[in-house]
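Residue strings, one per chain:
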Amino acid sequence: MLDDSRPMKSFHFSARLTLRSLIRVVVWQSGLLAAGTLACLLSLSVAAQQADPATPVVVQPGAPGQPTRTLPSSTSATLPPHSPADAQFMQGMIMHHAQAVEMTALIGSHTENKDVRSLGARISRSQSDEIEFMKRWLAARGEPISPAMPEMPGMDMSSHPMLMPGMLTTKQMDALKKAKGKEFDHLFLTGMIQHHNGALIMVKDLFDTAGAGQDAELFNFATDVDSGQRAEIRIMQTMLEGRP
């Protein structure tokens, strides 16, 4: 009998080879087509960018519950009108904070009261940091660190320093420097309460001035000063009430 299995096997083997070759050709051609399509798209994209450069889109966020608005590409940001009261507030508050830091510097050599020492360290650290912030704010806006002092004939300004609301007078500072122990604690706490209340007046005066306090950084700073110093006033009042 004739063995017909060999030709049949050869046929199947050849068919498989042909099918594999065909698949490879199709895949290769598909890859070329995909690559060609991608290159074409990239060329069109580059050409479109060169022929018609993208126009920046300026979007103005809407108020709560309101849609956004697309503004002309020529729109530019504008800052709120500059108020002299803003710079004057920062300049005055630098002087104000500087005296508070001077007061806290006396604590280490004038009292052993742990509560007063802890409070003083907190005030010194926070107000020193705020002084640096205020200096940077003024410098960024081209404003001097110190306010302009009017020249008054016959007046020695070194003996008559300008005081912001609540600042201790020279007499009060001298008394604080001479006091020790419990006397110092009392003078420090009452003096710092007076000092903090003065800062609250300065913040109120700022916001009561038309056109002032619109700068976002200044607004946040002033409101932080108000809330922070109110909290410290309550702490100091509690410390005074707890004295024997």
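Quantities reported herein were computed from a predicted structural model and do not represent experimental measurements.

## What to know about the packing of aromatic side chains
Overall, the coordinates contain four aromatic pairs when judged by the stated rule. Residues phenylalanine 133 and phenylalanine 221 carry aromatic rings whose centres are separated by 5.3 Å and whose planes lie at 40° to one another, so their mutual orientation is tilted. On the criterion of sequence distance, the pair formed by phenylalanine 133 in helix H4 (residues 114-140) and phenylalanine 221 in helix H7 (residues 216-241) is long-range, its members being 88 residues apart. Geometrically, the ring pair formed by phenylalanine 184 and phenylalanine 188 is stacked, given 5.9 Å between the ring centres and 20° between the ring planes. Taken as a pair, phenylalanine 184 and phenylalanine 188 lie in helix H6 (residues 181-208) at a separation of four residues, close to a single helical turn. In terms of burial, phenylalanine 184 and phenylalanine 188 fall into one category: buried.

## Quick word on the nonpolar core
Most often, soluble globular proteins keep nonpolar side chains buried together rather than apart. Phe89, Met90, Met93, Met134 and Phe221 are the most contacted members of the largest nonpolar core, which totals 21 residues. Counting residues per element, the ones that place at least two in this core are helix H2 (84-104), H4, H6 and H7. No other element matches the six residues that H2 contributes to this core. Leave out the neighbours within four places in its chain, and phenylalanine 89 touches Met202, Val203, Leu206, Leu218, Phe221 and Ala222. In this structure, Ala100, Ala179, Leu189 and Ile193 belong to the second largest nonpolar core, which totals 20 residues.

## A word on H4
Compared with the 39 Å implied by 1.5 Å per residue over 27 residues, the 39 Å span of H4 between its first and last C-alpha is a close match. The inward-facing, buried residues of H4 contact H2, helix H3 (107-110), H6 and H7.

## Concerning the packing of H2 against H7
Taken N-terminus to C-terminus, the directions of H2 and H7 make an angle of 40°; their axes are 12 Å apart at the nearest point. Both H2 and H7 take part in a crossing whose hand is left-handed. Between H2 and H7, the contacting residues are Asp86, Phe89, Met90, Met93 and His97 on the first element and Leu218, Phe221, Ala222, Val225 and Gln229 on the second. Each residue belonging to the contact of H2 with H7 can be placed in one class, and the counts come to seven nonpolar, two polar and one charged.

Analysis parameters
Residues numbered from 1 in each chain as written. Predicted model: local features only at pLDDT ≥ 70, side-chain atom pairs only at ≥ 80, totals over all residues. Heavy atoms only, no water. Phe/Tyr/Trp six-rings, centres within 6.5 Å; stacked < 30°, edge-to-face > 60°. Helix = DSSP H or I, 4+ residues; strand = E, 2+ residues; numbered from the N terminus. Buried < 20%, exposed > 50% of the residue type's maximum accessible area, 1.4 Å probe, protein only. Core = buried A, V, L, I, M, F, W, Y, C linked by side-chain atoms within 4.5 Å. Contact = heavy atoms within 4.5 Å. Expected span 1.5 Å × (residues − 1). Axes fitted to C-alpha atoms, helices over the stretch in contact; angles between N-to-C directions. Left-handed = near helix turned anticlockwise from the far one by under 90°. Nonpolar A, V, L, I, M, F, W, Y, C, P; charged D, E, K, R; others polar.

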